[in-house]
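One letter stands for each residue in the lines below.
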Amino acid sequence: MGNSLKAIVAFVPSDECQKYLLEDLEEMPVDKMVDLSGRQLRRLPLHICSFRELVKLYLSDNNLNHLPPELEQLQNLQILALDFNNFKVLPLVVCTLKQLCILYLGNNKLCSLPLELRLLQNLKTLWLESNCLQFLPEVVCELSLLKTLHAGSNALRTLPPQLRCLQELRTIWLSGNLLSEFPPVLLDMPFLEVIDVDRNSIRFFPSLAHLPGLKLVIYDHNPCRNAPKVAKGVRRVGRWSEESPEPRKRSGAVIEITLDEKPSPPPATKPKPE
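What counts, and at which threshold
Residues numbered from 1 in each chain as written. Predicted model: local features only at pLDDT ≥ 70, side-chain atom pairs only at ≥ 80, totals over all residues. Heavy atoms only, no water. Salt bridge = Lys/Arg side-chain N within 4 Å of Asp/Glu carboxyl O. Helix = DSSP H or I, 4+ residues; strand = E, 2+ residues; numbered from the N terminus. Buried < 20%, exposed > 50% of the residue type's maximum accessible area, 1.4 Å probe, protein only.

S.K.: Can you walk me through the pattern of salt bridges in this structure?
M.R.: Under the criterion given, the structure shown has five salt bridges. A salt bridge links E168 to K147; the shortest N-O distance between them is 3.4 Å. Of the two residues, E168 is situated in the loop between β6 (148-150) and β7 (171-173) and K147 in the loop between β5 (125-127) and β6; the sequence distance between them amounts to 21 residues. Classification of E168 by relative accessible area gives partly exposed; the value is 29%. Residue classification places K147 among the partly exposed residues on the basis of a relative accessible area of 33%. Of the charged contacts in the structure, one is a salt bridge between D188 and R164, with a shortest N-O distance of 2.8 Å. One end of the pair, D188, is in the loop between β7 and β8 (194-196); the other, R164, is in the loop between β6 and β7, and 24 residues separate them in sequence.

S.K.: Can you walk me through unusual backbone geometry in this structure?
M.R.: With glycine set apart, most residues show a phi of negative sign, and most peptide bonds adopt trans. Here the phi dihedral of K32 falls at roughly 60 degrees; this positive angle occurs in a residue that is not glycine. Checked against the element boundaries, K32 lands in the loop between α2 (15-21) and β1 (33-35). Its identity as a non-glycine residue notwithstanding, S153 has a phi of 55 degrees, on the positive side. Among the structural elements, S153 can be located in the loop between β6 and β7.

See below:
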């Protein structure tokens, strides 16, 4: 089916037209995964909610701005992808899916998250990149098993001190925000392995040498006058990293050195469905 035809059919709310967008998806797949990405969907076909053993549901790159309450029937769901849609608020029905481990919410229009998100106590990976967040919702700090947090390309200026409660957190991506200083709370999180603060407005970096778990820090594209000090074996990506020396001081002035562009960090896109 051509994309143009899909786009036209998507405007028609009848069950027949919505079923047409699903093509031949009549029964739950053997692999317990449904991928409806890029189908021009404006609403989730209720037929999908009958697949009660479903484990993975990909709804990326559609025109969704709400979800039906019947989604609550998918209590075995572990992966839900809602990125690249038109959500201004997270539908509360998502917070009823208590087996979720991975939730993709990137590239929407979210300004906040509901308190009910705290019900997702099995969540280990949360993608919030490219939304409208001016602050990191404190409810994120209640997701005790969270290991990976992607919050890049928002409008964050700081992080809540409660973030230190996430003792399972290993990777935090904050690229492309409005941070004017290195978030102090991260200095109290010795278990972090990857910190990405690329493309912010940080002018000074404190020492990170006391963080025993740290393996990689990405701090390029900041107007900084120093590189963060790190323990031996920790990789730095940014100005005055391993490949070039620190700036030298002469009469109190800092002499900046021409630097090569850093290698591209891991892409902020989710893995392909397996």
